[in-house]
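Survey of secondary and tertiary structure
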Amino acid sequence: MFKPISLYIGLRYTRARRSNHFISFIALVSMIGLTLGVAVLITVLSVMNGFDRELKNRVLGMIPQATVSSTQILTNWPELAKKVQQHEHVKGVAPFTQLQGMLTAQGQVAGIMVTGIEPEYEKKVSIIQNHMVAGSIDSLKKGEFGIVLGKQMTDSLGLGLNDNITLVLPEATPSPAGVVPRFKRFKIVGIFSIGAEVDSMMGYIALNDASTLLRLPDGAQGVRLKLDDIFLAPEVADDIVKDLPNNFYASNWTYTHGNLFSAIQMEKAMVSLLLFLIVLVAVFNIVSSLVMVVTDKKSDIAILRTLGASPATITRIFMVQGTIIGVIGTVSGAILGIIFASSISNVIGWLNTAFGWNLFDAYFINYLPSYLRWQDVVVIVSLSLVLSFLATIYPALRAAKTQPAEALRYE
């Protein structure tokens, strides 16, 4: 005979067509609800993880994670870089000089933040060299006034590699015709594409050319740092500055993009909580469906009791039935969630392009990222299975308390 008997009967009850179609409908709804809840939770968490990863890898790969700057131009910045490099959490150091201005070409104007860099050092702290689509940052050489721009910027201005562009600085220069802005013509020697907002707002020139434009001695305003843990940026920057003279000050990425990162984390937590309620609703449906099954099967329970089935056996029968609903719903939801999470970037990207929706214009990247973390899948599946199992306890105990004489009195 099939053993154990509770598993055999529980499976039979699950497969059997019930005379009460409403009970079958509730059981089906609970299974579908659990499937959708798990699938949507996995998919949305993957999208949130994608935004989180893109912020860390792309945006924070281009902007400084932390900086140590001075109120005076640093003509001896290599000494500062060597000293900063000794910190245990610093993995790379590069000099920089920043200036704001406007780019003009073919009658169009665009604002830009220009950073003077040393290409050899910049490669140690930035991901720009991995995202060059034309030219190279090594082409930035002193006195040649070359510039590296993002693809979004060059596309918007209708320019390409080796084209000329004019940089307009806000500092006014006295002349016989009056006070006029300062202009400098640059040649585009490189184009990068990060796929984020930095493509349209950042440009790079040689460090010495930046000093020339600002009419300062050859040097740097400060050094930018690459850290082994971006979340230590505030502590590391402050720790470095406290050992330097008073004219040095620190900054880090939390000042510029900290609110964005916090918003992503908060949205991830809130959306996860709201979607988890879908799973809870499905679990409560399992409870209600099993309670109705117990009521519908009272005579069957009474017969099993008279045949010698113990209360523990009756309990296990209905726990098996509810657990099967939970397992099928959870596994189906996990499979769908993994499929959705793996393909949603391509699907939404295609829809965005095909219909011209421009869904991501308001975000810091121009596409929908998705990053499936298997740890999240394991946690979601485990919680769903545990909740589904716990949902079977009350109906199963209620079934075990059925008195055979009372149940069969009117049969």
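Counting starts from 1 at the beginning of each chain's written sequence and moves along it residue by residue. For this predicted model, a pLDDT threshold of at least 70 governs which residues receive local features, and a threshold of 80 or more governs which side-chain atom pairs are given and counted, while totals over whole chains, interfaces and linings are taken from all residues. Note: side-chain values were computed over all heavy atoms of the structure, leaving out hydrogens and water.

**A word on empty space enclosed by the protein**
Lining residues are defined by having an atom within 4 Å of a point belonging to a cavity or pocket. Those points lie on a 1 Å grid over the protein atoms alone, cavities being sets where a 1.4 Å probe fits but cannot get out and pockets being open sets with protein on both sides within 12 Å along at least five of seven lines. Grid points are joined across faces, edges and corners, and a volume is the space filled by probe spheres set on the points. The tally for this structure, following the rule as stated, stands at one cavity of 30 Å³ or more. Taken together, Met-62, Pro-64, Phe-96, Gln-98, Thr-115, Met-202, Tyr-204 and Arg-224 make up the full set of residues lining the largest cavity. Those elements giving two or more residues to the lining of the largest cavity turn out to be strand S2 (90-105) and strand S8 (202-206). Taken together, the residues of the lining of the largest cavity break down into five nonpolar, two polar and one charged. Put simply, DSSP H or I for four residues or longer makes a helix, DSSP E for two residues or longer makes a strand, and each gets a number counted from the N terminus. Each residue receives one of three labels: charged for Asp, Glu, Lys and Arg, nonpolar for Ala, Val, Leu, Ile, Met, Phe, Trp, Tyr, Cys and Pro, and polar for the others, Gly being one of them.

**What to know about the side chain of Thr-115**
Residue placement: Thr-115 occurs in strand S3 (residues 108-117). Using a relative accessible area of 6% as the deciding quantity, one classes Thr-115 as buried. If sequence neighbours within four positions are ignored, Thr-115 has contacts with Phe-96, Thr-97, Gln-98, Gly-203, Tyr-204 and Ile-205. Burial classes: relative accessible area under 20% of the type maximum marks a residue as buried, over 50% as exposed, and values in between as partly exposed (1.4 Å probe, protein chains only). Here, two residues are considered to be in contact whenever any of their heavy atoms come within 4.5 Å of each other.

**Notes on a nonpolar patch on the surface**
Together, Val-327, Val-331, Ile-335, Leu-336, Ile-339, Phe-340 and Leu-385 line one region of the surface with nonpolar side chains, adding up to about 550 Å² of accessible area. Looking at the nonpolar patch, the element that brings in the most residues is helix H10 (residues 311-355), giving six residues. Secondary-structure assignment places Val-331 in helix H10. Exposure above 30% relative accessible area and no salt bridge define the residues that can form patches, which grow by joining like charges within 9 Å and nonpolar side chains of Val, Leu, Ile, Met, Phe, Trp and Tyr within 5 Å. A 1.4 Å probe and the Shrake-Rupley method give the accessible areas. Residues count as covered only by the protein chains that appear here. By definition, a salt bridge exists where a carboxyl oxygen of Asp or Glu is found within 4 Å of a side-chain nitrogen of Lys or Arg.

**Regarding helix H3 (residues 77-85)**
Residues of H3 that are buried: Trp-77, Leu-80, Ala-81 and Val-84. Projected down its long axis, H3 shows its buried positions confined to an angular sector of 100°, all on one face. Opposite the buried face of H3, at more than 90 degrees from it, the exposed residues are Glu-79 and Lys-82. Comment: arc refers to directions from the helix axis out to C-beta atoms.

**Examining the packing of aromatic side chains**
Working definition: a ring pair exists when centres of Phe, Tyr or Trp rings (six-membered ring for Trp) sit within 6.5 Å. Plane angles under 30 degrees give stacked, over 60 give edge-to-face, the rest tilted. A full pass over the atoms with the stated rule returns four aromatic pairs. Here Phe-145 and Phe-186 contribute two aromatic rings whose centre-to-centre distance is 5.7 Å and whose plane-to-plane angle is 75°, an arrangement assigned as edge-to-face. You can see Phe-145 sitting in the loop between strand S4 (132-135) and strand S5 (146-150) and its partner Phe-186 sitting in strand S7 (residues 178-192), a full 41 residues away along the chain. For Phe-186, a relative accessible area of 1% puts it in the buried group. Between Phe-231 and Trp-253, the aromatic rings sit 6.2 Å apart at their centres with planes inclined by 70°, giving edge-to-face as the arrangement. In this pair, Phe-231 is assigned in the loop between strand S9 (220-227) and helix H7 (233-241) and Trp-253 in helix H8 (residues 253-296), connecting sequence segments 22 residues apart. Placement of a charge over a ring requires the Lys NZ or Arg CZ to be within 6 Å of the ring centre, with the centre-to-atom vector within 35 degrees of the ring normal. The ring of Tyr-121 carries the charged tip of Lys-124 above its face, separated from the ring centre by 5.1 Å. Taking NZ or CZ as reference, Lys-184 lies 4.1 Å from the ring centre of Phe-145, over its face.

**Here's the deal with the packing of H10 against helix H11 (residues 374-391)**
Running from amino to carboxyl end, H10 crosses H11 at an angle of 160°, the nearest separation of the two axes being 8 Å. It follows from the interaxial angle that H10 and H11 lie roughly antiparallel. Judged by the twist between their axes, the crossing of H10 over H11 is right-handed. Here Met-319, Thr-323, Gly-326, Val-327, Thr-330, Ala-334 and Ile-338 of H10 lie close against H11, whose contacting residues are Trp-374, Val-377, Val-381, Ser-384, Leu-385, Ser-388 and Phe-389. Partitioned by chemical class, the residues of the contact of H10 with H11 number nine nonpolar, five polar and no charged. Axis definition: a line fitted to C-alpha atoms, over the contacting stretch in the case of helices. Angles run 0 to 180 degrees between N-to-C directions. Roughly parallel means an angle under 35 degrees; roughly antiparallel, over 145; roughly perpendicular, 65 to 115; everything else is oblique. Crossing handedness is defined as follows: a turn of the near helix away from the far one that is anticlockwise and smaller than a right angle gives a left-handed crossing, while the clockwise case is right-handed.

**Considerations on the pattern of salt bridges**
According to the stated counting rule, one finds five salt bridges in the structure shown. In this structure, Lys-123 engages Asp-138 in a salt bridge whose closest nitrogen and oxygen atoms are separated by 2.9 Å. Of the two residues, Lys-123 is situated in the loop between helix H4 (119-122) and S4 and Asp-138 in the loop between S4 and S5; the sequence distance between them amounts to 15 residues. Accessibility expressed as a relative area gives 39% for Asp-138, which makes it partly exposed. Taking the shortest distance from any N to any O, the salt bridge between Lys-142 and Asp-218 comes out at 3.2 Å. Taken as a pair, Lys-142 in the loop between S4 and S5 and Asp-218 in the loop between helix H6 (207-213) and S9 lie far apart in primary sequence, 76 residues in all. Take Lys-142: its relative accessible area is 57%, and that puts it in the exposed class.

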